[in-house]
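# An overview of the molecular structure
Residues per chain are reported as follows:
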Amino acid sequence: AQKVTQAQTEISVVEKEDVTLDCVYETRDTTYYLFWYKQPPSGELVFLIRRNSFDEQNEISGRYSWNFQKSTSSFNFTITASQVVDSAVYFCALSDPIKAAGNKLTFGGGTRVLVKP
Amino acid sequence: DTAVSQTPKYLVTQMGNDKSIKCEQNLGHDTMYWYKQDSKKFLKIMFSYNNKELIINETVPNRFSPKSPDKAHLNLHINSLELGDSAVYFCASSRRLAGVEYEQYFGPGTRLTVT
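These notes cover the structure that comes with them. All chains use their own residue numbering, which begins from 1 and follows the written sequence. Key to labels: chains lettered from A, ligands numbered from 1, both in the order written. In keeping with the model being predicted, local features are shown solely for residues with a pLDDT of at least 70 and side-chain atom pairs are shown and tallied solely at 80 or more, while totals for entire chains, interfaces and linings include all residues. Side-chain metrics in this entry use all non-hydrogen atoms of the structure; hydrogen atoms and water are not considered.

## Regarding the overall build of chain A
Short version of the rule: Secondary structure elements are taken from DSSP: a helix is a run of H or I of four residues or more, a strand is a run of E of two residues or more, and numbering for both begins at the N terminus. Note that the radius of gyration is over C-alpha atoms, with the globule rule given as 2.2 Å times the number of residues to the power 0.38. For the exposure calls, accessible area comes from a 1.4 Å probe over protein chains only, and a residue counts as buried if that area is under 20% of its type's maximum, exposed if over 50%, partly exposed in between.
Secondary structure summary: chain A contains zero helices and twelve strands in total. Secondary structure elements in chain A, listed N-terminal to C-terminal, are β-β-β-β-β-β-β-β-β-β-β-β. Against the globule reference of 13 Å for 117 residues, chain A gives a C-alpha radius of gyration of 14 Å, in line with a compact fold. Taken along its principal axes, the extent of the C-alpha atoms in chain A is 45 × 30 × 25 Å. For chain A, the proportion of its 117 residues judged to be buried stands at 48%.

And the structure:
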């Protein structure tokens, strides 16, 4: 069975600090996708990144960066120079590709990030 | 233009009632989903449809019945509502191209409160 663990339930930082969110996953599949989503206080789920299991390159998008390490089954997310607008719950998710179409996502429990001014 | 829309945004109803939530996507995606987010923010998939065909049906009480009249719409009907059904329900859609499964885009959510 697929499993995603986000051990940090809540992280509080002061603006401009860096914050790293941990994500550890379990799967027996050799091909899978990993995702990060952001859920701000307004409640919607915003897609941030998709990573293929065969692509272990780290990725940077503005102040966001992701570190994918297949050897440790981790897909960590770092926000550099955090801002108040980064305050949200962040979810890591793992896809289950067993179906011919579609993608069953298994979500981690989420990490609430609170950025104080 | 809204990519994935849901109506209503809020739904307050009494135990035992029947209610429906509607979802529409204008992204041209083939696959649509329903997720439930409980009070602790835990997200779990309920159903998925691909081109109007049910492909994922998790362990969900049969009081919940999804219906997909076409690939752009996926509705959720709930019979005999119970207190435990109170949650936020998210609709999502995704596409698959050349064997690559792309990300799911979520609707704004419907907050269901059963009293």
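Alright, that's what it looks like, and here's the rest.
## Description of the side chain of Thr31 of chain B
The cut-off we apply is this: The definition of a polar contact used here is a pair of N or O atoms within 3.5 Å, where within protein one atom must be able to donate a hydrogen and the other to accept one, and adjacent residues in sequence count solely through side-chain atom pairs.
Structurally, Thr31 of chain B can be placed in strand β4 (residues 31–37). Engagement of the side chain of Thr31 of chain B in a polar contact is seen with the side chain of Asn50 of chain B, the distance being 2.8 Å.

## Here's the deal with the interface of chain B and chain A
Here is the rule we go by: In this description, contact between two residues means that some pair of their heavy atoms is separated by no more than 4.5 Å. Throughout, buried area stands for the accessible area (probe radius 1.4 Å) lost by two parts on being put together, summed over both. Definition used for salt bridges: Asp or Glu carboxyl oxygen within 4 Å of a side-chain nitrogen of Lys or Arg. For this classification, the nonpolar set comprises Ala, Val, Leu, Ile, Met, Phe, Trp, Tyr, Cys and Pro, the charged set comprises Asp, Glu, Lys and Arg, and every other residue, Gly included, is treated as polar.
Residue-level contacts link 23 residues of chain B with 18 residues of chain A. Carbon and sulfur atoms make up 58% of the surface buried where chain B meets chain A, a total of about 2,000 Å² over both sides. Of all residues in chain B, the largest losses of buried area upon contact with chain A belong to Lys41, Leu43 and Glu101 of chain B, amounting jointly to 26% of the total for that side. On inspection of chain B and its partner chain A, the count reaches two salt bridges. Breaking the side of chain B that touches chain A down by element, the ones donating at least two residues are β4, β5 (43–50), β6 (53–57), β11 (100–101) and β12 (105–106) of chain B. Take the side of chain B that touches chain A: its biggest share by element is four residues, from β4 of chain B. Here the residues of the side of chain B that touches chain A are counted per class, giving 13 nonpolar, five polar and five charged.

## A closer look at the side chain of Ser93 of chain B
All names here are of chain B. When you line up the elements, Ser93 lands in strand β9 (residues 87–94). At 2.8 Å, the side chain of Ser93 and the side chain of His29 are in polar contact. Those residues in contact with Ser93 that lie beyond four places of it in its chain are Val4, Gln25, Leu27, His29, Thr31, Met32, Tyr33, Glu103, Gln104 and Tyr105.

## Some words on the packing of aromatic side chains
Threshold: Working definition: a ring pair exists when centres of Phe, Tyr or Trp rings (six-membered ring for Trp) sit within 6.5 Å. Plane angles under 30 degrees give stacked, over 60 give edge-to-face, the rest tilted.
This structure, assessed with the given rule, holds 20 aromatic pairs over all chains. Aromatic pair Phe107 of chain A and Phe106 of chain B: ring centres 6.3 Å apart, planes at 70 degrees, arrangement edge-to-face. With one member in each of two chains, Phe107 of chain A in strand β11 (residues 104–107) and Phe106 of chain B in strand β12 form a pair that bridges those chains. Across the pair, exposure class does not vary: Phe107 of chain A and Phe106 of chain B are buried alike.

## A word on the pattern of salt bridges
Applying the stated criterion to the full structure yields nine salt bridges over all chains. Here Arg50 of chain A ties to Glu103 of chain B by a salt bridge, and the two come within 3.2 Å at their closest N and O atoms. Placement of the pair is Arg50 of chain A in strand β6 (residues 46–52) and Glu103 of chain B in the loop between β11 and β12, with the two residues belonging to separate chains. Overall, Arg50 of chain A belongs to the partly exposed group, its relative accessible area being 22%.

Geometric descriptors of this kind do not, in isolation, establish any biological role.
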